[in-house]
Each structure stands twice: as C-alpha cells, then as structure tokens.
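For reference, the chains in residue letters:
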Amino acid sequence: METPAVLTAFVDTCRQAVQGDDARATIHAAMTELFADPASLAAGVPAFTADDIATSPRGFRLGGETLLHQAADLSVMVLGTLPGVIQPPHDHEMVAMIGVFEGCEEQRFWARTDDGIEPVAGRLLEAGEVMVLGERAIHAISAPEHQDARAIHVYLGNISDVDRSVFDPETLEEHPFESDRYDAFCRPA
Ligand SMILES: [Fe+2]
C-alpha cells in the first residue's frame, strides 16, 4: 500500500508522542482528530486487495494488514477485519488504541479472575470511534455479517516482540501467543 500523507503525518505524531511524557493522551487526541471524519480517511487509504489478504493454514481469511511503523516503543498498522470469523481472545501486554474508519469492529472483552478469565460486556466500535485498551485488557475482534471493517491499531510497544497470551475460545485456557495458535483458535462466525 502506498502510505497516504495523512497516515505518514499521523505516524510522525505518534513517534514524537512516545518521546514525550504522556504518549497515551497525545496519541488519543491525535486519533480523535484523525477519526473525526472517518469517510474522508477511508477514501484516502487504499483498500486492501485480494492479494493483501492471506488465507491461514486452517482456511481463515481475517483481513489485510499494513504495518506503518514498528519499533521497540511503538507499532502502528492499518488492519482489515472480514466477516465470517470470530478471532480468539488475546491480550497485548501494552496499551493499545484502536480507531475504526470504515465499517464496524465487534469488540468482545474478558476480565482476569483469580483462576482465569471471564467474559464481560462488549461493544461495537463504529467508524469514527476511538478506543483505548489498557495493558491488561483482553479482547477479541470480529466484523458484523456483510460488513468489512478497516481500522488503525496503535500499540505503545513492539506488538510483534512481546510475551503475551491467546485464550482457547471454548475453555478460556491461557496459552502463549503464537500465530499458529491464534489461527487454531479462530472460529467461524
Ligand atoms: Fe488485539
């Protein structure tokens, strides 16, 4: 994907923010501004093509992913979510901020208990909305039937280089996060 200028500028803002005192608030404010007009953002970000969307070993097509920036203190990506798959519960072990600019992400949440996790209320994250997840948050993403979602996910760390967890969707047993295991825990919607 050719990165549009608006996203290059956003990544620059995030990179400066993580050098400062309150990256979370600064990036949240920048995202609130960026997502105020989701339709214009959607028009400016090239759509994922069929080639961008890999089919996993177990046959799931989750959606496209374009990494805009990745470093020890910051990861920024454009993420597509396709209908038809419920992705498994997982955590990030770092603050995550998600803004949807097209369609809608179904967000399910779980809370840690003394002996595992339990489901808590979820929400729809609609185009134009921005959500902040704390370091301990556990969520799972899907897209509503017949409606792809596109979003920007920002992580205050290197999301590809962190020990984190994915959970069995039926037993809620916790496992080390690995992409194969994530795939194995996907379910048809
Ligand atoms: Fe996530």
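The shown structure was predicted, so the numbers you read here are calculated from the model rather than taken from an experiment.

What counts and how
Residues numbered from 1 in each chain as written. Predicted model: local features only at pLDDT ≥ 70, side-chain atom pairs only at ≥ 80, totals over all residues. Heavy atoms only, no water. Donors = N, O, S within 2.8 Å, 3.2 Å for Na, K, Ca; no water. Buried < 20%, exposed > 50% of the residue type's maximum accessible area, 1.4 Å probe, protein only. Helix = DSSP H or I, 4+ residues; strand = E, 2+ residues; numbered from the N terminus. Expected span 1.5 Å × (residues − 1). Arc of directions from axis to C-beta. Contact = heavy atoms within 4.5 Å. Phe/Tyr/Trp six-rings, centres within 6.5 Å; stacked < 30°, edge-to-face > 60°.

Undergrad: Looking at this structure, how should I read the coordination of the iron ion?
TA: By definition of the ideal shapes, a tetrahedral metal site with four donors has angles of 109.5 degrees and an octahedral site with six donors has angles of 90 or 180 degrees. The coordination sphere of the iron ion contains the protein donors His90 (NE2), His92 (NE2) and His139 (NE2), at a distance range of 2.0 to 2.2 Å. Site description for the iron ion: donor spacing in sequence, H-x1-H-x46-H.

Undergrad: Can you help me understand unusual backbone geometry in this one?
TA: One non-glycine residue, Glu93, adopts positive backbone phi at about 60°. Overall, Glu93 belongs to the partly exposed group, its relative accessible area being 30%. In this model, His146 sits at a positive phi of 65°, which is unusual for a non-glycine residue. Relative to the elements of secondary structure, His146 occurs in the loop between β9 (138-142) and β10 (149-155).

Undergrad: Could you clarify how one ought to interpret helix α2 (residues 23-34) in this entry?
TA: Since the α-helix advances by 3.6 residues per turn, residues separated by three or four positions end up pointing in the same direction. Helix length check: α2, at twelve residues, gives a terminal C-alpha distance of 16 Å against a target of 16 Å (1.5 Å per residue), a fit within 8%. All of the buried residues along α2 are Ala23, Ile27, Ala30, Met31 and Leu34. On an axial view of α2, the arc spanned by its buried residues comes to 100°, and they lie on one face. Among the structural elements, α1 (5-17), α3 (38-44), β2 (74-81), β5 (96-102), β8 (130-133) and β10 are those in contact with the buried residues of α2.

Undergrad: Before we go on, may I ask you to explain the packing of aromatic side chains in this structure?
TA: Each aromatic ring pair is specified by the distance between its two centres and by the angle formed by the two planes. Summed over all chains, the structure comprises two aromatic pairs. Judged by centre distance (6.4 Å) and plane angle (40°), the ring pair of Phe35 and Phe101 falls under tilted. A residue pair is termed long-range when its members are at least 10 positions apart, and Phe35 in the loop between α2 and α3 and Phe101 in strand β5 qualify at 66 residues. Among the residues examined, Phe35 registers a relative accessible area of 1% and is labelled buried. Overall, the relative accessible area of 2% leaves Phe101 in the buried class.

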